[in-house]
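# Fold and geometry: a report
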Amino acid sequence: MKKGKKLYEGKAKIIYATSDKDLVIQYFKDDATAFNNQKKSTIEGKGVLNNRISEHILSSLSQIGIKNHLVKRLNMREQVVKLVEIIPIEFIVRNVATGSLTKRLGIEDGTVLKEPLIEYCLKDDKLGDPLIAEEHILAFDWASKKEIEKVKKMILRINDFMIGMFRGVGIKLIDFKLEFGRLNANGKKDVILADEISPDTCRLWDSLTDKKLDKDRFRKDLGDLIPAYTEVAKRLGILHEQSNLSAVNVTKLSSVKRKRK
Ligand code: UDP
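Here goes a summary of the coordinates provided. As the structure is a prediction and not an experimental result, all values here were calculated from the model.

## A few points about the site of the ligand
In the vicinity of the ligand lie 15 residues, with Arg 94, Ser 100, Asp 175, Arg 203 and Arg 219 positioned nearest. Within the side chain of Ser 100, an N or O atom sits 2.5 Å from an oxygen atom of the ligand. Interatomic distance of 2.6 Å between a side-chain N/O atom of Asp 175 and an oxygen atom of the ligand. Notes on the ligand: free accessible area 520 Å², of which the protein chains cover 79%. Mapped by element, the contributors of at least two residues to the shell around the ligand are β9 (89–96), β12 (171–178) and β15 (202–206). Of the residues that constitute the shell around the ligand, the class distribution is three nonpolar, four polar and eight charged.

## Details of the packing of helix α1 (residues 46–63) against helix α4 (residues 145–167)
Running from amino to carboxyl end, α1 crosses α4 at an angle of 125 degrees, the nearest separation of the two axes being 11 Å. As far as their axial angle goes, α4 and α1 are oblique. Every pair of crossing elements has a handedness; the one defined by α1 and α4 is right-handed. On α4, the residues that touch His 56, Ile 57, Ser 60 and Leu 61 of α1 are Ile 158, Phe 161, Met 162, Met 165 and Phe 166. By residue class, the composition of the contact of α1 with α4 is seven nonpolar, two polar and no charged.

## Digging into the packing of aromatic side chains
Considering all chains together, one arrives at three aromatic pairs under this definition. Note on Phe 91 and Phe 180: the rings are 5.4 Å apart at their centroids and 90 degrees apart in plane angle, and the pair reads as edge-to-face. Placement of the pair is Phe 91 in strand β9 and Phe 180 in strand β13 (residues 180–185), with a sequence separation of 89 residues. The buried category is assigned to Phe 91, whose relative accessible area is 2%. On the basis of relative accessible area, Phe 180 is assigned to the buried category, the value being 0%. Taking the centre distance of 5.1 Å and the plane angle of 40 degrees together, the rings of Phe 140 and Trp 142 count as tilted. Members of the aromatic cluster, connected to one another through ring pairs, are Phe 91, Tyr 120 and Phe 180. Over the ring of Tyr 16 we find Lys 3, and its NZ or CZ is 4.1 Å from the ring centre.

## Side note on the sheet that holds β12
What the five strands build is an open sheet, ordered β11-β10-β9-β12-β15; its pairing is antiparallel. Unpaired on one side and paired on the other, β11 (131–132) and β15 mark the two borders of the sheet. Examined bridge by bridge, β12 and β15 share five bridges and lie antiparallel to one another. By the bridge assignment, Lys 172 is partnered in β15 with Trp 205. Against the sheet, α4 engages β9, β10 (112–122), β12 and β15, with an angle of about 155 degrees to β12.

Thresholds applied
- Residues numbered from 1 in each chain as written.
- Predicted model: local features only at pLDDT ≥ 70, side-chain atom pairs only at ≥ 80, totals over all residues.
- Heavy atoms only, no water.
- Near = heavy atom within 4 Å.
- Polar contact = N/O pair within 3.5 Å; in protein donor to acceptor, adjacent residues only side chain to side chain.
- Areas by Shrake-Rupley, 256 points an atom, 1.4 Å probe, with all protein chains shown as cover.
- Helix = DSSP H or I, 4+ residues; strand = E, 2+ residues; numbered from the N terminus.
- Nonpolar A, V, L, I, M, F, W, Y, C, P; charged D, E, K, R; others polar.
- Axes fitted to C-alpha atoms, helices over the stretch in contact; angles between N-to-C directions.
- Parallel < 35°, antiparallel > 145°, perpendicular 65-115°, else oblique.
- Left-handed = near helix turned anticlockwise from the far one by under 90°.
- Contact = heavy atoms within 4.5 Å.
- Phe/Tyr/Trp six-rings, centres within 6.5 Å; stacked < 30°, edge-to-face > 60°.
- Buried < 20%, exposed > 50% of the residue type's maximum accessible area, 1.4 Å probe, protein only.
- Lys NZ or Arg CZ within 6 Å of the ring centre and 35° of its normal.
- Pairing = 2+ DSSP bridges.

Here is the structure:
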């Protein structure tokens with residue numbers, strides 16, 4: 001399988017065509033953005049960590065029968081994924097109130113929700129990804145009722161699995177964002193999970209101290225983003241204490257690679 005031309009460049013990833021029309025290569029950049037692109041930076045090594053963490057979570061989800069776009073990780077920054085038709089909705093899953101929910105509704109930060117709350121946002125940067133209701137999705141045909149029902153079931157299973165996985169390593173899964181896509185399978189369209197899952201897209205708090213181990217370190221200028229993402233990777237067993245892939249080395253490797261180009 002050969003890497004082809006660039007198809008799309010997003011805020012944190014680049015998508016390349018491959019010689020297989022059904023597969024694309026997803027490249028994880030070091031760029032970080034927040035507040036609808038108003039805040040931007042490059043954090044060396046972030047893409048490498050997200051590639052590894054997302055691979056770990058998506059392969060674990062495959063093992064429990066959650067179909068997703070990951071085929072395999074290729075190298076430090078790239079993975080092969082299935083090409084899907086993305087449903088233009090960001091599905092936000094919340095276990096604890098924080099971020100935009102607390103601001104919008106005046107809910108106290110850190111309030112534990114009785115049940116997971118699913119919110120829908122239209123994927124449209126120009127409009128600032130506005131919050132929408134399920135009725136909007138149906139009214140404007142962004143997805144069918146059947147697709148929404150299927151996605152909701154998948155989301156609750158993904159959430160249950162991820163809460164347990166993170167709890168086991170001393171991390172609280174506060175909230176996260178998921179995207180889904182349509183895949184042509186034997187003439188029928190199947191809905192699969194088609195998104196990275198990483199500290200860029202989840203809020204993760206240390207169980208004992210509530211220390212933020214996610215992109216809020218960038219959003220709120222807390223610093224030490226790479227050590228936090230590295231901590232998540234280590235706790236998940238992806239990076240080991242003695243590993244050559246420690247935060248410092250991830251950074252060094254990325255800069256060495258860049259210099260060679
Ligand atoms: N999120 C994301 N991409 C987005 C919007 C949200 O990955 O474009 C994630 C975010 O990291 C958090 C969750 O979705 O884990 C809920 O985000 P919220 O609406 O609270 O975002 P905020 O407006 O506070 O950044």
